[in-house]
Number of protein chains: 2
Amino acid sequence: MAWKEQHKHNTRQKILRSAAKLFTKQGFDHVGINDVMKDAGLTRGAFYAHFNSKSELYAEAIIAAAIQTGDKLNPDNPEAPSLDQLVQFYLSMEHRQGEHFRCPLAFLATDITQRDEQVRDAYTLVFKGFLKHLTAHLQRRNGDLDRTRSMQVAVMMIGGLAISRAVNDEELAKNLLISCHQNLLDH
Amino acid sequence: MAWKEQHKHNTRQKILRSAAKLFTKQGFDHVGINDVMKDAGLTRGAFYAHFNSKSELYAEAIIAAAIQTGDKLNPDNPEAPSLDQLVQFYLSMEHRQGEHFRCPLAFLATDITQRDEQVRDAYTLVFKGFLKHLTAHLQRRNGDLDRTRSMQVAVMMIGGLAISRAVNDEELAKNLLISCHQNLLDH
DNA sequence: GTCTATAGGCAGATAGAC
DNA sequence: GTCTATCTGCCTATAGAC
């Protein structure tokens, strides 16, 4: 019966991939369970064989979205880009558009504040991982300074992208991303 | 018939105040027209005598929320606090809690990306006003440098507050706000 | 585990009385 | 302008056949 469990696991992963994609694109309230299941090639009824609620799915999807791209941040990964390369992509108009990649920390920042404990826990976990990776990239001063600096860098990246996505003015959005990038280069 | 128009104007303003309060607190999707009208002391049916749609109300409410506190940012206002005082409150745990004051730029940042043109236009307008006020507060270098710096300051304030609100860890939230504040003091 | 069907509720917008 | 009543559509979650 091992193949059956494998099949269930695969289906579950497929649902999570669809959920991560749709939630980061449209936010929690504009995505129905129907949408997620349809994207995964299934129907509504099958959903509750894998998850207990839409909220539980959201919490797991945030982690899944982070994992899909977490390796890019991990400095232990030999293929990981440098911090400069990472920032360059993170604060790009391509990332703002969000066609191929959407960091859940920036795309869902204020969406999270309206959700229940388990969802906020998942977001917090991902953010702490982000900070840890940034600190490892810095590691040049003492621990406290690195921690403070990594928080400032995180805010400049996540906040800069989030606000550039909110404004309805391409030129302003571009200048915002450039200004944030410049701030990080200056240090 | 002037008093009638006055009455309609007053009612409209009351609806806008309630909308600004509820939308910044709970976001667009979790606030019904019923909730807004009840808070304003009216019933659903009366809503469409004042606004054409919920979305139109949202756009105007964002402006209203900004105006309610915009004077604090205006350097021409003799009662306006200094930039340091402004930052100190903006990046405070009290603002994060949002009991008395909620800056729509931070509280609704990613909420906006899911809305229609008129809502995003309103947000963009408010953000540009914020930048303008910050630039006036700085005005010490040449124009381009001030503009770049004001964008960085705006991202550090708005982004820092938004992320501190998203994380489910009071200690981390506090450290985030302090780190952002520190960054602004260092310049 | 996955399907179809449906329960049960909520929300935006409209109609018509006053 | 404001009210009550209602149309219409959408959603999460569950029940039961296969």
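To keep things clear, this report deals only with the structure shown in the data block. This one's a predicted model, so the numbers in the text were calculated from it and none came from an experiment.

Focus: the relation of the copies chain A and chain B
Working step 1: Expressed as a screw transformation, the operator carrying chain A onto chain B has a rotation angle of 180° and an axial translation of 0.0 Å, and the superposed copies differ by an RMSD of 0.0 Å. The operation mapping one copy onto its partner corresponds to a two-fold rotation axis. Among all residues of chain A, the one whose C-alpha sits closest to the rotation axis is G159 of chain A, at a distance of 2.0 Å.
Working step 2: By residue overlap, the copies meet face to face through one surface: 100% of the interface positions of chain A are interface positions in chain B.

Let's talk about the packing of helix α8 (residues 117-138) of chain B against helix α9 (residues 143-166) of chain B
All names here are of chain B.
Working step 1: Axis separation between α8 and α9 bottoms out at 9 Å; the angle between their running directions is 120°. As for the relative orientation of α8 and α9, their crossing is right-handed in sense. Contacts between α8 and α9 involve F130, L131, L134, T135 and L138 from the first element and D146, R147, R149, S150, M151, V153 and A154 from the second.
Working step 2: Looking at side-chain class alone, the contact of α8 with α9 contains seven nonpolar, two polar and three charged residues.

Comments concerning the nonpolar core
Working step 1: Formed by 106 residues in total, the largest nonpolar core has its most connected members in A109 of chain A together with A109 of chain B.
Working step 2: In this structure A109 of chain A touches I158 and A162 of chain A together with A109, T110, A162, I163 and A166 of chain B, once residues within four positions along its chain are discounted.

Remarks on the protein's contact with DNA strand C
Working step 1: Around DNA strand C, the surrounding shell holds 16 residues, and the nearest of these are L42, T43, G45 and A46 of chain A together with G32 of chain B.
Working step 2: Of all the elements in the fold, those that place two or more residues in the surface near DNA strand C are α1 (2-26) of chain A together with α2 (33-39) of chain B.
Working step 3: Looking at the surface near DNA strand C, its residues break down into five nonpolar, seven polar and four charged.

Thoughts on the protein's contact with DNA strand D
Working step 1: Around DNA strand D sit 16 residues, and of these G32 of chain A together with L42, T43, G45 and A46 of chain B come closest.
Working step 2: Breaking the surface near DNA strand D down by element, the ones donating at least two residues are α2 (33-39) of chain A together with α1 (2-26) of chain B.
Working step 3: When its residues are assigned to classes, the surface near DNA strand D shows five nonpolar, seven polar and four charged.

What to know about the interface of chain A and chain B
Working step 1: Facing the 39 residues of chain A at the interface are 39 residues of chain B.
Working step 2: For the side of chain A that touches chain B, the secondary structure elements donating two or more residues are α7 (109-112), α8 (117-138), α9 (143-166) and α10 (170-185) of chain A.
Working step 3: Of the residues in the side of chain A that touches chain B, the class split is 16 nonpolar, 16 polar and seven charged.

Let's talk about α8 of chain B
Residue and element names in this part refer to chain B.
Working step 1: For α8, spanning 22 residues, the distance from its first C-alpha to its last is 31 Å, which sits close to the expected 32 Å at 1.5 Å a residue.
Working step 2: Within α8, burial applies to V119, R120, A122, Y123, V126, F127, F130, H133, L134 and H137. The arc that holds every buried residue of α8, seen down its axis, measures 160°, which confines them to one face.
Working step 3: Q139 occupies a position one or two residues after α8 and carries a positive phi of about 25°.

Rules of the game
- Residues numbered from 1 in each chain as written.
- Chains lettered and ligands numbered in written order.
- Predicted model: local features only at pLDDT ≥ 70, side-chain atom pairs only at ≥ 80, totals over all residues.
- Least-squares fit on C-alpha atoms with pLDDT ≥ 70 in both.
- Contact = placed C-beta atoms within 7 Å.
- Axes fitted to C-alpha atoms, helices over the stretch in contact; angles between N-to-C directions.
- Helix = DSSP H or I, 4+ residues; strand = E, 2+ residues; numbered from the N terminus.
- Left-handed = near helix turned anticlockwise from the far one by under 90°.
- Nonpolar A, V, L, I, M, F, W, Y, C, P; charged D, E, K, R; others polar.
- Core = buried A, V, L, I, M, F, W, Y, C linked by C-beta atoms within 7 Å.
- Buried ≥ 20, exposed ≤ 12 C-beta atoms within 10 Å, placed from the backbone.
- Near = placed C-beta within 6 Å.
- Expected span 1.5 Å × (residues − 1).
- Arc of directions from axis to C-beta.

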